[in-house]
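Here are the chains, one letter per residue:
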Amino acid sequence: MTDLDVAIVGAGFGGMYALHHLRGRGLRCRVFEAGTGVGGTWYWNRYPGARVDVESLEYSYSFDTELEQEWEWAERYPAQPEVLRYLENVAERHDLLRDIQLDTHIVSMAYDGAWTLTDARGESVSARYVVAAVGFLSARHFPPIPGLREGTFAGPIVHTGSWPKEGLELADRRVGLIGTGASGVQVIPRVAEEAASLRVYQRSPHWCVPLQNCPMPPDYQRRVKADYPELRRAELESFSGFVLTNFELPPPGRRGRREPAFDVDEAEREREYEFRWQAGGLCLYNSFGDLLVSEEANRTLQDFVARKVRSIVKDPEVAELLIPKDHPILSKRLCGESGYYEAFNRENVTLVNVRGDPIEAITPTGLRVASGAEHDLDAIICATGYDAATGSLLRIDIRGRDGRTLREHWARGTRTHLGAMSHGFPNLFFLDGPQAPSAFFLPPIFTQYQAEWVGRVIEHMHERGARAVEPTAEAEEGWRRRVNGLAARSLLPRARNQLMGDNVAGKPRECLYYLGGYADYAQRCEQVMAPDQGEFVWA
Ligand code: NAP
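Colleague: It is not clear to me how the packing of aromatic side chains should be interpreted in this structure. Could you clarify?
Modeller: Ring pairs (aromatic) are described by centroid distance and by the angle formed between their planes. Counted according to the given criterion, the structure contains 33 aromatic pairs. Geometrically, the ring pair formed by Y111 and W115 is tilted, given 5.3 Å between the ring centres and 55 degrees between the ring planes. Note on W115: relative accessible area 0%, which makes it buried. A centroid spacing of 6.4 Å and a plane angle of 65 degrees characterise the contact between F441 and F446, whose relative ring orientation is edge-to-face. Look at F441 and you get buried, because its relative accessible area is 2%. A network of ring pairs unites the aromatic residues F13, Y17, W42, Y59, Y61, F63, W71, W73 and Y86 as a single cluster. Above the ring of F247, the side-chain terminus of R76 is found at 4.1 Å from the ring centroid. Sitting above the plane of the F142 ring, R149 keeps its charged end 3.9 Å from the centroid.

Right, dumping it as structure tokens:
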């Protein structure tokens, strides 16, 4: 007899809902969470400017329809404190905390007919099933710059993904910031407002679009709440999970991917882009149906955004540096910004191009670039991203059947079926993991689906009298081919891309997420429980 039916690792959106749902099915569950509070990403990412670039009315659970109506969102795009308050409220409302063990960092899991999980203090617990809800962007990445991790620098070095709870003193300080992805783009304008000076060390610019954030208009919130079931339905029918555009739920037919860019003339294309730029957020993804697959179509959007950047940034040289030249727009994740480009018009902000002159070392007083220049700094911020999707799983010593480690199993590329389970690792489920739609679909909604699927798989096992379930090696191989085949037909591989694992040295180059869309994904997940399927072994 195991201590638990289900051990859940991580108390973010996914782990919290998994607890609620699986406990509701009568399973004995406990969540193990490294932080001292719930929230996952929203617990750790406390940097100034952190906010979701999907609208609050969409970036929330759909399972609690009363909460949907009761919760009053303060902003169109909620900042980190608001999302964290929301999740804390969910934990309290559904009495989740009694089954969440905080401040518990799981460091290993081993399977021997059941799973044994061990935490950093050496305490162990056994469970029949494990749900790894560790987040696809939680394994913080520091670039291998000499001196960065060795305590060389006299001042603080802070990663955006583990921002100190007490905050970082910025006033009167000379701050250096490394990284201009989504985190850097959000934190830069806020640091610029407070610090004496800010040097932004940019290796590659990202494409950014304005969020057009604002306090939540009360009548808009009321309108969406009156139509929530329809909004949720539309989300599940869409590719990315977010559909609200310009304060409207677009009518059917205009919600998801649309006609190719060259099906309309140039004036119409410009109108569409301008409308979406003013509407705000990531809705430019949905402008035309072929932006992610056709270089020519993509170029029209690149030109549009480049013109916008040139019109905002006063120094033409700085503007050119901020415009990506090395990858198509949307091939890396688009960044939603609030005052990012304007920050470079400030006297106290300097853009340092480290593309040809990389940071060579962190020194006691700041940093040195390869050409020999020394920069004196009082604080360094690393907005250097994550070992995405696989990193948070591989940093746990996971051993499956016969002691084989997940690290060995994935050494030459990720192997899962449906991004949900791996061969040789029975009864271990991944939520929002690699090779699932994860980064391409709204996490609160997607993890709800996955947690419910896990519940159905467990029920199915009970019905069949099975004690263990795992995918076959063939199913895994087929899924790997499908995930990477879809990516190969897109523009994703055209960028040096964290979505392709390129940002971490030694990581295999592969598409980390499933590009086939939620609807297709969910249909495939449901099929595996059909009597004649051969993709999973129920033993
Ligand atoms: P990221 O996109 O991986 O960006 C990391 C940045 O660090 C890149 O600009 C990278 O440059 C730079 N960098 C790494 N090593 C460097 C070095 N040695 N010298 C100079 N620069 C270096 O990470 P992120 O910004 O944390 O974003 C990760 C993901 O988190 C996003 O894609 C998104 O999914 C999510 N996110 C979402 C939001 C939101 O919802 N608003 C906010 C934040 C994050 P290169 O590009 O040249 O490698």
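Colleague: Would you mind showing me how to read the site of the ligand here?
Modeller: Taken together, 26 residues surround the ligand, and among them S183, Q186, R203, S204 and Q498 come closest. Take D53: an N or O atom from its side chain is 3.1 Å from an oxygen atom of the ligand. Sorting elements by how many residues they give to the shell around the ligand places helix α5 (residues 182-194) first, with three residues. Of the residues belonging to the shell around the ligand, the class tally is 10 nonpolar, 10 polar and six charged.

Colleague: Explanation requested: the nonpolar core in the structure shown.
Modeller: In a soluble, globular protein the nonpolar side chains are often hidden away together inside. Of all hydrophobic cores here, the largest spans 137 residues; its most connected members are W453 and Y521. Sort the elements by how many residues they give to this core and helix α14 (residues 443-464) lands first, with nine residues. Dropping the residues within four chain positions of it, W453 is found in contact with A420, F429, C525, E526, V528, M529 and F536. One finds A7, V9, I396 and L406 within the second-largest nonpolar core, a separate group that totals 24 residues.

Colleague: Can you walk me through the sheet that holds strand β9 (residues 197-202) in this structure?
Modeller: Two strands in a sheet stick together by hydrogen bonds in their backbones, pointing the same way (parallel) or opposite ways (antiparallel). The strand order across the open sheet built from five strands is β7-β16-β8-β9-β12, with neighbouring strands paired in parallel fashion. Of all strands in the sheet, those bounded by a partner on one side alone are β7 (157-159) and β12 (349-353). On average, adjacent strands in this sheet sit at an angle of 20 degrees to one another, irrespective of strand direction. Bridge count for β9 against β12 is five bridges, and the pairing is parallel. Looking at the pairing, R199 lines up with T350 of β12.

Colleague: Where do I start with the state of the cysteines in this structure?
Modeller: One way to say it: the disulfide is the covalent bond shared by the sulfur atoms of two cysteines. Under the defined criterion, the tally for this structure stands at zero disulfides. Between C283, a free cysteine, and C214, which holds the nearest cysteine sulfur, the sulfur-to-sulfur gap is 13 Å. By relative accessible area, which is 4% here, C283 ends up buried. This cysteine, C382, is not joined by any disulfide, and C335 carries the nearest cysteine sulfur, 17 Å off.

Reading guide: rules and limits
Residues numbered from 1 in each chain as written. Predicted model: local features only at pLDDT ≥ 70, side-chain atom pairs only at ≥ 80, totals over all residues. Heavy atoms only, no water. Phe/Tyr/Trp six-rings, centres within 6.5 Å; stacked < 30°, edge-to-face > 60°. Buried < 20%, exposed > 50% of the residue type's maximum accessible area, 1.4 Å probe, protein only. Lys NZ or Arg CZ within 6 Å of the ring centre and 35° of its normal. Near = heavy atom within 4 Å. Polar contact = N/O pair within 3.5 Å; in protein donor to acceptor, adjacent residues only side chain to side chain. Helix = DSSP H or I, 4+ residues; strand = E, 2+ residues; numbered from the N terminus. Nonpolar A, V, L, I, M, F, W, Y, C, P; charged D, E, K, R; others polar. Core = buried A, V, L, I, M, F, W, Y, C linked by side-chain atoms within 4.5 Å. Contact = heavy atoms within 4.5 Å. Pairing = 2+ DSSP bridges. Axes fitted to C-alpha atoms, helices over the stretch in contact; angles between N-to-C directions. Disulfide = S-S within 2.5 Å.

On their own, these measurements won't tell you what the molecule is for.
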